[in-house]
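As a plain string of letters, each chain reads:
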Amino acid sequence: MHIDAWIESVPPGAVYALVALIIGVESLGIPLPGEIALVSASLLASHGTVNPVLVGLCATLGAIVGDSIGYSVGRRGGKPLFERLGQRFPKHFGPPQLASAERSFQRWGMWAVFFGRFVALLRIFAGPLSGALRMPYWKFLIANVLGGVVWAGGTTAGVYYLGVVAEDWLKRFSWVGLILAVCLGAGSFLLMRWRASRAHQAEPEGDPEAEPVTAASE
């Protein structure tokens, strides 16, 4: 079962804890579909199943707490931790992925933590790698909190309002309008096909000025 279907199958009250748990574990450095979980919960909120404010709040707390724990783990384990993880999870923690993330953090510092929340690869590396690179915790915390609030709150709000607008539009879209749209599309397709056929028939099959080849006279 996919993560989005799993979230939709649990009781509404458990959605908040599930979103916080998945995003928190992902922020620890364990590859999980945190963004999919957040989008799925936000869509449920647009249907009135859960509260969008609580979804955004739980997602924000999960992101901040998970990143902070990941920072502590990375600070204690250092780079050897990533080398061991790279042997077990080469697709996520292999040398190319680690080198790319490390270059981003060394170049951008706090901004890498902030914007890393919006990138799947950096979202996994943000906490542990910041700790391994000995980034001052107060800098990490500021970027972590701001990134978590903007990412979780912005995603929740955007998906929620898009879902509400789409659902309201679909309710107003009558069956008559749907039938007319289908007929219009089919008519346009047939018209274009007929014109293409006429144009093909109008093209000469060969060069009209070319004379036929005759046998050489004796």
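Residue positions are given per chain, counted from 1 along the sequence in the order it is written. Only residues with pLDDT of at least 70 are given local features in this predicted model, and only at 80 or more are side-chain atom pairs given and counted; all residues enter the totals for whole chains, interfaces and linings. Think of the side-chain values as coming from all heavy atoms in the structure, minus any hydrogens and water.

1. Thoughts on the overall build of the chain
Step number 1: The number of helices and strands found in the chain is 10 helices and 0 strands.
Step number 2: By definition, any uninterrupted DSSP run of H or I lasting at least four residues is a helix, any uninterrupted run of E lasting at least two residues is a strand, and each is numbered from the N terminus. Mapped in sequence order, the helices and strands of the chain form the string α-α-α-α-α-α-α-α-α-α.
Step number 3: Burial classification: accessible surface area is computed with a 1.4 Å probe over protein chains only, and a residue below 20% of its type maximum counts as buried, one above 50% as exposed, and the rest as partly exposed. When the 218 residues of the chain are sorted by exposure, 35% land in the buried category.
Step number 4: If you sum the accessible surface of the chain, you get close to 13800 Å²; carbon and sulfur atoms cover 66% of it. All accessible-area figures derive from a Shrake-Rupley calculation using a 1.4 Å probe, and residue coverage is judged against the displayed protein chains alone.

2. Examining the side chain of Ser46
Step number 1: Tracing the backbone through its elements, the reader meets Ser46 in helix 3 (residues 34–46).
Step number 2: Pairs of N or O atoms within 3.5 Å make up the polar contacts considered here, provided that, within protein, one atom can donate a hydrogen while the other can accept it, and that residues adjacent in sequence are counted only when both atoms are side-chain atoms. In terms of polar contacts, Ser46 uses its side chain to reach the backbone carbonyl oxygen of Leu43, at 2.5 Å.

3. A few points about the nonpolar core
Step number 1: In this description, a nonpolar core means a group of buried Ala, Val, Leu, Ile, Met, Phe, Trp, Tyr and Cys residues linked to one another through side-chain atoms lying within 4.5 Å. Formed by 19 residues in total, the largest nonpolar core has its most connected members in Val15, Val19, Ile23, Leu38, Val50, Val55 and Ala59.
Step number 2: Should any heavy atoms of two residues lie within 4.5 Å, those residues are counted as being in contact. Setting aside chain neighbours within four positions, we find Val50 in contact with Pro12, Val15, Tyr16, Ala41, Leu44, Ala45 and Val55.
Step number 3: Counting 14 residues, the second largest nonpolar core, distinct from the first, contains Phe105, Ala112, Phe125 and Phe140.

4. Describing helix 3
Step number 1: End to end, helix 3 covers 19 Å across 13 residues, agreeing with the expected 18 Å (1.5 Å per residue, within 8%).
Step number 2: The set of residues buried in helix 3 consists of Gly34, Ala37, Leu38, Ser40, Ala41, Ser42, Leu44, Ala45 and Ser46.
Step number 3: Downstream of helix 3 by one or two residues, Gly48 has phi in the positive range, about 85°. Helix span, expected: 1.5 Å multiplied by one less than the number of residues in the helix.

5. Details of the packing of aromatic side chains
Step number 1: The criterion for an aromatic pair is that two Phe, Tyr or Trp rings (for Trp, the six-membered ring) have centres within 6.5 Å, with stacked assigned to planes under 30 degrees apart, edge-to-face to planes over 60 apart and tilted to the rest. All chains considered together, the criterion is met by 8 aromatic pairs.
Step number 2: Taken together, a centroid distance of 4.9 Å and an interplanar angle of 85° make the contact between Phe114 and Phe115 edge-to-face.
Step number 3: Both rings, one in Phe114 and one in Phe118, keep their centres 6.0 Å apart while their planes meet at 55°; by these two values the pair is tilted.
Step number 4: For Phe114, a relative accessible area of 16% corresponds to the buried category.
Step number 5: Aromatic ring contacts, followed pair by pair, group Trp111, Phe114, Phe115 and Phe118 into a single cluster.
Step number 6: Should the NZ of a Lys or the CZ of an Arg lie within 6 Å of a ring centre and within 35 degrees of the ring normal, that charge is described as sitting over the ring. Of note, Arg117 hangs over the ring of Trp151, and the distance from its end group to the ring centre comes to 5.1 Å.

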